[in-house]
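# Descriptive structure summary
Read off the chains here:
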Amino acid sequence: MIRFTLAQLIAHRVRLALTVIAVILGVAFVTGSLVLNDTAQRLFDEQFRTASAGADLTVRTATAFDSGMGVEVERDPLPAHVVEQVAAIDGVDAAIAVAKGSVRLEDREVDLGAAQLTSWIPQPVGAFPLRDGTAPVEAGEVALDVASAGTLGLRIGDRLTLVADQRIEVRIVGLVGFGDAEGPPVGTAVIASLGTAQEALGLGAAVSELMITTDLAVNELQPVLGEVLGASYQVATAQDLATAGAEAAASNLEMLQIVLVAMSVAALLMGSFLIGNTFAIVVSQRTRELAMVRATGATGAQILRSVLGEALVVGMAASGIGTMVGIGGAIGLRALARGAGVTIPDGDLVVEPRTVLVAVCVGVIVTLAAAIGPARRAAAISPVAAMRQSAAEARLVSRARTTVGAALLTVGAVLAAMPSFGADMPMLAVGLGIALAGVILIAPVVIRPMVRAIGAPLSRMGVAVRLAQESAERAPRRTSATVMALALGLALMSFAAIVGASVKTATGEQYREVIQADVVVESAGQEMLGGVHAAVFDEVLGVDEVGAATRLKYGHWRDAGMMSALSAVDPDAIEEVAVIRMIDGEIADLATPGGVVIAQRVAEERDLGVGDELTMTFARTGEKALPVVGVVADTTARALQTDFLVSLDTYAQHFTEDMDASVFVVGAAGVSADRLAAALERELVDHPTVQVRDQAAVIAGRTQIIDQLFGLVTVLLAFALLIAVLGIANTLALSIVERTREIGLLRALGMSRAHVGAMVQSEAVFVAATAVVIGTVLGAAAAFAAVGALGTIAPLPLVVPLDQLAWLGAAVAFAGLLAAFAPARRAAALPALEAISHD
Amino acid sequence: MNPSTGPAAPAPIIVAERLVKTYGTGAAAVHALDHATLSIAAGRFTAVMGPSGSGKSTMMHVMAGLDSVDSGTVRLGGVELTELSERERTVLRRRKVGFVFQSFNLVPSLTAAENIELPLRLAGKRADSAWVDELVTTLGIQERLSHRPNELSGGQQQRVAVARALASRPEVVFADEPTGALDSRAGRALLAFLQRASREFGQTIVMVTHDPVAAGFADRVEFLADGQVVDGFDHPTAQAVLDRMARFDAVAEEVAA
């Protein structure tokens, strides 16, 4: 039987090619996302391990949490006396003071961007070995990492300005590496003497942390230090630091992971339709042959094993190729993700054995699962079938399948709708999943009337179109699998398009409603906490054309175990630039030290009102109970980005971060927005990463992430759609082989070649059009449920981007037409005679 | 209506002269037609007989415009087929020719009625409903018109195929072993109908068969052997055909011996 299986594989290799491609794509997605994740993880791990490798223990001020939403929290500096205290402890071999923080680099007033400033620590404790020049030990000297020096075009001897708390003129005296590498995987490293770093960062005599080396065992010294220093300070091992740092950095990749996993699942699901279809067709074409094998004594079980054996070989080969493609594709995926604004370190790819194992298993299992239906049908072929003529698929679809499908669809739809009425969010995903399973089951039944409905107006165009419609209706299971593969891809795209458009529109509307500022100064980058240096605000105030300006800051806090964000505003100035709609209380009450204004949604959800207290945990200051001084409308809260507002004074008490997210500016009387913007641009010319934006640009900036995500999803899905369109070509080609006799008959009866071609083309258009309708409806229904569910968090009107959907549909229909080109030519070229004598 | 059983042979509708058709080259060459000459009288029911490999199917395909020849000429209703392009032959098939195949060859997705109208619709013409009604009534399939081929018996399917061939009133109907897949009773009924179509409606019918009983229903029988028309006579009976075939076999054995 093995020989039979192999002979079959070779005989049908062309037909199986598409199956192979479909599996390759799905497996490549899985592999690519695993490789990308492992690589990023490894690089982050290495980065943080290298950074802390030299020290046995590190002392820092304690915080309630290490990082929020991918950003490490800023810690209070260690007072100078702690340094002396630690150095005096028995067992401490060396206690090396470290000053570090972020600075901006300027070269003759030109901003070169952000850099991480670290004080010079000689080897082996320091992570930055000197590669060239001398160590920066004197005041006014710095070293730069080799990689960044290359990128920025800087050399030893060049002068720079460090901009942080102070502006300090420095000279590059050396170049450093990072561990064995030329520089850290992300960002620029600047090394200065401890004194210079302290001055630049405004630390005075304080330091950021202490790196400790010891001859004792680490776990012996750690508790001793902890006891001496008390709870205000944290004593961490190098290992702990590396883990915490890497975790924070990697959490930036979570969104990307979710997208990639979703894409993998979609690609594999679409692939499985095509795999199942190919096997079903190959089996049906071989009915006679299989019956003959049965007649000569093969058991049904042997046939089953033979077909599954084929699937196994196809699955393994395709998974193998897919794994390799995925590893190669990870590089492309990384570039794509970076284009979508995700911070991913560069470096050699990491391929874990687990990745290969998972990818191959997934590929093989999906292929086997998709082939099991056709294999069972093959096993059920009776030996008598060898003597029969027709091998056409039954037109009927079992009633049980339809009933189960309808039930699943109903249950799924109800579950998916529930979050719109207050149920938990995950219910949406569960509901959509169940509904999708239902749709797949009932699709064959639905597709016939749909093809008929689409075909009805067209079938007047001639008998060729009518026959094409018949052909699409004839094998409902096959047609529905082809349609569903395409429809699924399209559904995901229209889902993303509708949800994206709705969120974008809502964001824009809320913003326009609330923010009255003429222009806004924001960072061009996508820094989590905003990247506008505090000095910018002062420069803005100095511009003559400016009437009023106020700043907005973001901070992270922990809300009963969950990371959350808050916005800090100046309660006296905010109403000059924004319409603050209060439900209760006054925004000015924020000036009352320590108060918080909450969004209406939060107030209702937690039954909080003015006079109540909200418990917030800050990294630096720990758990605090803040009085609720007001309740603000949800739209206002969304426009200011978070559901919690505090005053800038309150912010300063709990956060050391001093970056502005936005500076809102209104012009002085009689100054147009354009003139204001031009004046600000002139003033801020030495801050190239800071942008002066009008309302449209701010909205575009805020919705940029949605566009980028949509772009990423579209590019990834485009591959899957391509395969689905090829699926049409495959199904058509196979059905033409099946219908050779019938096409020959039509030719004998006087159908011209052009007619035959048109017939095949029409069938492709029917399939594509049906897929467009089903896909768009499914996508829209899912988007409707999702928008409804999201609407319970923040007001979200449903926006259907009809033009985008129309383009998508037209593109798919056109692709279907193109896909049919080759099969149509092949069908048209069938000579009438051979077709009738075919046996 | 021209009952053409009279002694005077009517004008031929198909004249095929010195047809040559060779498959393959060199030693492997098979001469399917080797200077075959044949004319088919209009309005009559002609059976073309011959053993397997005698070239009778190729002869029919060429006369019907389904296949081309290496040399020779075929005129169908005054049109020289060998000079037509593939496209022109397609149009000619649509207008002038009807087919009945051994294995019915109905389009499985179309109902009986749709199958019958198919050639007319391919030609973009309306069916003559009185004529189609008469056909389906005569053939006894009026009750089965809304059924699909797989819901019909073999005999019913072949009667649908006959109705389809006749619906457009073609100049010639070609039938390729029309009874080959039928039991003897259904086969006889079908042959009787073909005979009737020829006699009552003046339909020209060319039937390829190797069954002497089937040939017995025809007005004339032509014999092919080794790619040539070797004999032919009017008013065949099954017995006469059998006798003639026996003589061929004897000759063939003599040649072989």
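Residues numbered from 1 in each chain as written. Chains lettered and ligands numbered in written order. Predicted model: local features only at pLDDT ≥ 70, side-chain atom pairs only at ≥ 80, totals over all residues. Heavy atoms only, no water.

Let us look at the overall build of chain A. Counting secondary structure elements, chain A contains 27 helices and 25 strands. Taking the principal axes of its C-alpha atoms as reference, chain A extends roughly 100 × 65 × 50 Å. In chain A, buried positions account for 53% of the 839 residues. Counting contacts in chain A only where the partners sit at least 6 residues apart, residues at least 24 apart contribute 82% of the total. As displayed, chain A offers around 34400 Å² of accessible surface, 60% of which is attributable to carbon and sulfur atoms. (Helix = DSSP H or I, 4+ residues; strand = E, 2+ residues; numbered from the N terminus. Buried < 20%, exposed > 50% of the residue type's maximum accessible area, 1.4 Å probe, protein only. Contact = heavy atoms within 4.5 Å. Areas by Shrake-Rupley, 256 points an atom, 1.4 Å probe, with all protein chains shown as cover.)

Here we come to the pairing of strand E9 (residues 220–225) of chain B. All names here are of chain B. Across 4 bridges, the pairing between strand E3 (residues 45–49) and E9 is parallel. Across the sheet, the residue bridging to Ala47 is Val221, located in E9. The hairpin turn running from E9 into strand E10 (residues 228–234), its antiparallel successor, is 2 residues long, and Asp226 in that turn takes a positive phi close to 50°. (Pairing = 2+ DSSP bridges.)

This next bit is on empty space enclosed by the protein. Overall, the coordinates contain 4 cavities of 30 Å³ or more when judged by the stated rule. The calculated volume of the second largest cavity comes to roughly 60 Å³. In this structure, the second largest cavity is lined by A:Leu749, B:Arg93, B:Arg94, B:Val97, B:Gly98, B:Phe99, B:Pro119, B:Arg164, B:Ala165 and B:Ser168. Among the secondary structure elements, those contributing two or more residues to the lining of the second largest cavity are helix H2 (86–96), strand E6 (97–100) and helix H5 (154–167) of chain B. Looking at the lining of the second largest cavity element by element, the count peaks at 3 residues for E6(B). (1 Å grid on protein atoms, 1.4 Å probe; cavity = no way out; pocket = protein on both sides within 12 Å on 5 of 7 lines; lining within 4 Å. Points joined across faces, edges and corners; volume = space filled by probe spheres on them.)

Moving on: the interface of chain A and chain B. Each partner contributes to the interface: chain A provides 20 residues, whereas chain B provides 24 residues. Overall, the association of chain A and chain B removes approximately 2200 Å² of surface from exposure, summing both partners, and the carbon and sulfur fraction of that is 61%. Of all residues in chain A, the largest losses of buried area upon contact with chain B belong to A:Leu745, A:Leu749 and A:Leu833, amounting jointly to 27% of the total for that side. Between chain A and chain B we count 0 salt bridges in total. Taken together, chain A and chain B are joined by 4 residue pairs in polar contact (both at pLDDT 80 or more). Ranked by residue count, the leading element in the side of chain A that touches chain B is helix H23 (residues 740–748) of chain A, at 6 residues. (Buried area = accessible area lost by both parts, 1.4 Å probe. Salt bridge = Lys/Arg side-chain N within 4 Å of Asp/Glu carboxyl O. Polar contact = N/O pair within 3.5 Å; in protein donor to acceptor, adjacent residues only side chain to side chain.)

Turning next to the sheet that holds E10(B). All names here are of chain B. Across the sheet, 6 strands lie side by side as E6-E7-E8-E3-E9-E10; this open sheet has mixed pairing. Each of the sheet's edge strands pairs with one partner strand only, and the pair in question is E6 and E10. The sheet shows a mean angle of 20° between the axes of neighbouring strands, taken without regard to direction. The pairing of strand E7 (residues 172–176) with strand E8 (residues 204–209) spans 5 bridges and is parallel. The partner of Asp176 across the bridge, within E8, is Val208. The strands touched by helix H1 (residues 56–63) within the sheet are E3, E7, E8 and E9, with E7 carrying the most contacts at an inclination of about 155°. (Axes fitted to C-alpha atoms, helices over the stretch in contact; angles between N-to-C directions.)

What follows covers the environment of A:Pro593. As for its placement among the helices and strands, A:Pro593 is situated in the loop between strand E18 (582–585) and strand E19 (596–599). In this structure, the C-alpha to C-alpha distance between A:Pro593 and A:Glu310, residues 283 residues apart in sequence, is 74 Å.

We now examine the packing of helix H22 (residues 695–738) of chain A against helix H26 (residues 821–829) of chain A. Residue and element names in this part refer to chain A. At a minimum axis distance of 8 Å, the contact between H22 and H26 shows a crossing angle of 15°. Judged by the angle between their axes, H22 and H26 are roughly parallel. For the crossing formed where H22 meets H26, the hand is left-handed. Along its contact with H22, which presents Ala729, Leu732, Ala733, Ile736 and Val737, the element H26 presents Pro823, Arg826 and Ala827. (Parallel < 35°, antiparallel > 145°, perpendicular 65-115°, else oblique. Left-handed = near helix turned anticlockwise from the far one by under 90°.)

Moving on, we get to the pattern of salt bridges. Residue and element names in this part refer to chain B. What the rule picks out here adds up to 22 salt bridges over all chains. Between Asp234 and Arg44 there is a salt bridge whose closest N-O contact spans 3.1 Å. With Asp234 in strand E10 and Arg44 in the loop between strand E2 (30–41) and E3, this pair connects stretches of sequence that are 190 residues apart. Given the relative accessible area of 33%, Asp234 is considered partly exposed. Its relative accessible area of 5% is what places Arg44 among the buried residues.

Let us look at the pairing of strand E9 (residues 159–163) of chain A. All names here are of chain A. Most of E9 sits out of view: 4 of its 5 residues are buried. Bridge analysis of strand E5 (residues 100–107) against E9 gives 3 bridges, and the strand direction is antiparallel. Pairing of Arg104 across the sheet is with Val163, part of E9. Summarising the sheet, E9 and strand E10 (residues 167–176) pair through 5 bridges and their orientation is antiparallel. Across the sheet, Val163 pairs through a bridge with Arg167, a residue of E10. The turn linking E9 back onto E10 is made up of 3 residues.

Right, let's talk about the side chain of A:Thr642 for a bit. Residues and elements named next belong to chain A. Residue placement: Thr642 occurs in the loop between helix H19 (634–639) and strand E22 (644–647). When its relative accessible area of 7% is taken as the criterion, Thr642 is described as buried. Side-chain polar atoms of Thr642 contact the side chain of Ser567, separated by 2.8 Å. Once you skip the residues sitting within four places of it in the chain, Thr642 turns out to touch Ala565, Leu566, Ser567 and Ala637.

With that settled, consider the sheet that holds strand E4 (residues 71–76) of chain B. Residues and elements named next belong to chain B. Here we have 4 strands laid out as an open sheet, ordered E2-E1-E4-E5, and antiparallel in their pairing. The outermost strands of the open sheet, each flanked by one partner alone, are E2 and strand E5 (79–80). Packing against the sheet, H1 makes contact with strand E1 (12–23), E2 and E4, and its axis sits at approximately 60° to E2.

Applying the stated criterion across every chain yields a total of 8 aromatic pairs over all chains. Ring geometry for A:Trp557 versus A:Phe644: centroids 4.8 Å apart, planes at 85°, classification edge-to-face. Of this pair, A:Trp557 sits in strand E16 (residues 546–559) while A:Phe644 sits in strand E22, placing them 87 residues apart in sequence. A:Phe644 shares its class with A:Trp557; the two are buried. Ring geometry for A:Phe618 versus A:Phe655: centroids 5.6 Å apart, planes at 80°, classification edge-to-face. With a gap of 37 residues between them, A:Phe618 in strand E20 (residues 613–618) and A:Phe655 in the loop between helix H20 (648–654) and strand E23 (659–660) connect regions that are remote in the sequence. You can call A:Phe655 buried: its relative accessible area is 9%. Lying over the aromatic face of B:Trp131, B:Arg169 brings its terminal NZ or CZ to 4.3 Å of the ring centre. (Phe/Tyr/Trp six-rings, centres within 6.5 Å; stacked < 30°, edge-to-face > 60°. Lys NZ or Arg CZ within 6 Å of the ring centre and 35° of its normal.)

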